[in-house]
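As a plain string of letters, each chain reads:
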Amino acid sequence: MTSQRIRIAVSNGIGELILNKPERRNALSSDMWEAIPGLVKQLETDSDVMAVILHGGTAGAFAAGADISEFETIYATPESAEHSANLISDAVTSLAKCSKPVIAAIEGACVGGGVSLALTTDIRIAGKGSKFGVPPAKLGLVYPVDDTRRLIETVGVPAAKDMLLTGRLFDCDEAHRIGLVTHIAERGTALQMARDTARQIAANSLWSHGAMKRTFEAVKAGWRDDSPEAKALFLESFKNVDFQEGYSAFLDKRPAKFTWR
């Protein structure tokens, strides 16, 4: 399925969500934000997809922030501003809640809304030469609360304050040091590393991936070791078909062939 400025591709168990606006270095416009939830749902419900990669295609950038050329229109009235804010929130929430593992492959600029998208992913791989920044203070704006929360959870309060208050650009080495980036790749190879990582992920149990993503969110929500929900989720793992296949494959010394979807 293809739209003009964002599209998906599926091959060998890996789904790719591709930002496709090279003429503006993938600056994020309203139609792109609006398309994301539906495309994420397609990837999530496709039983052939075991992992998702988010990347910037051939643009030479992951996403160079918001498409400022729209601002006079989308922020012309309180109503249009609220509509735009809801589009963005729905888009990032759909990625953050995706039950399948999501990897960001970052090359070039990852700024503003690009960072918002990257923060929703489980693993972030950046090519050398990538640049990061969150500049709402340079525009007289405030970073959304959900994005700020994800930023704090990822890099901590001191680094988040530095990023937001200065609005400065910084390189992938610093992004890696503060935890914004998981892995650094050679320039131009982030997508290849992401595909290699996705293949490793795809060889494992999709049931386990979904359950572990639920566990991460539950821990943040306050689940304790003795929470009834935590115990129920742990015990559920012993009942699914992937566990039966996993331990049988281990005993047989062969690769597991997981079938849960």
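Residues numbered from 1 in each chain as written. Predicted model: local features only at pLDDT ≥ 70, side-chain atom pairs only at ≥ 80, totals over all residues. Heavy atoms only, no water.

K.L.:
Help me get a handle on the sheet that holds strand β1 (residues 6-11), residues and values and all.
P.N.:
In space, the six strands of this open sheet follow the order β1-β2-β3-β5-β7-β10, with mixed pairing throughout. Since the sheet does not close on itself, it has two edges, and those belong to β1 and β10 (183-185), each with one partner. Each neighbouring strand pair of the sheet contributes to a mean axis angle of 20 degrees, computed without reference to strand direction. (Pairing = 2+ DSSP bridges. Helix = DSSP H or I, 4+ residues; strand = E, 2+ residues; numbered from the N terminus. Axes fitted to C-alpha atoms, helices over the stretch in contact; angles between N-to-C directions.)

K.L.:
Now, about empty space enclosed by the protein: what can you tell me, with residues and values included?
P.N.:
For the coordinates displayed, the defined rule picks out one cavity of 30 Å³ or more. If you add up the space inside the largest cavity, you get close to 30 Å³. Class assignment for the residues of the lining of the largest cavity results in seven nonpolar, no polar and no charged. (1 Å grid on protein atoms, 1.4 Å probe; cavity = no way out; pocket = protein on both sides within 12 Å on 5 of 7 lines; lining within 4 Å. Points joined across faces, edges and corners; volume = space filled by probe spheres on them. Nonpolar A, V, L, I, M, F, W, Y, C, P; charged D, E, K, R; others polar.)

K.L.:
Could you give an account of the packing of helix α5 (residues 145-155) against helix α6 (residues 157-166), with specific residues and numbers?
P.N.:
It is at 7 Å that the axes of α5 and α6 come closest, and there the two elements cross at 130 degrees. With respect to each other, α5 and α6 are oriented oblique. Remark: the crossing between α5 and α6 carries right-handed chirality. Residues T148, L151, I152 and V155 of α5 pack against V157, A159, A160, M163 and L164 of α6. Its residues assigned to classes, the contact of α5 with α6 comprises eight nonpolar, one polar and no charged. (Parallel < 35°, antiparallel > 145°, perpendicular 65-115°, else oblique. Left-handed = near helix turned anticlockwise from the far one by under 90°. Contact = heavy atoms within 4.5 Å.)

K.L.:
I'd like a description of the sheet that holds strand β8 (residues 131-133), backed by residues and values.
P.N.:
In a beta sheet, neighbouring strands pair by backbone hydrogen bonds and run either parallel or antiparallel. Strand order in the open sheet made by the four strands is β4-β6-β8-β9, with mixed pairing throughout. Each edge of the open sheet is held by one strand with a lone partner, namely β4 (63-64) and β9 (170-171). Where strand β6 (residues 109-111) lies against β8, three bridges are found, and the strand directions are parallel. Looking at the pairing, V111 lines up with G133 of β8.

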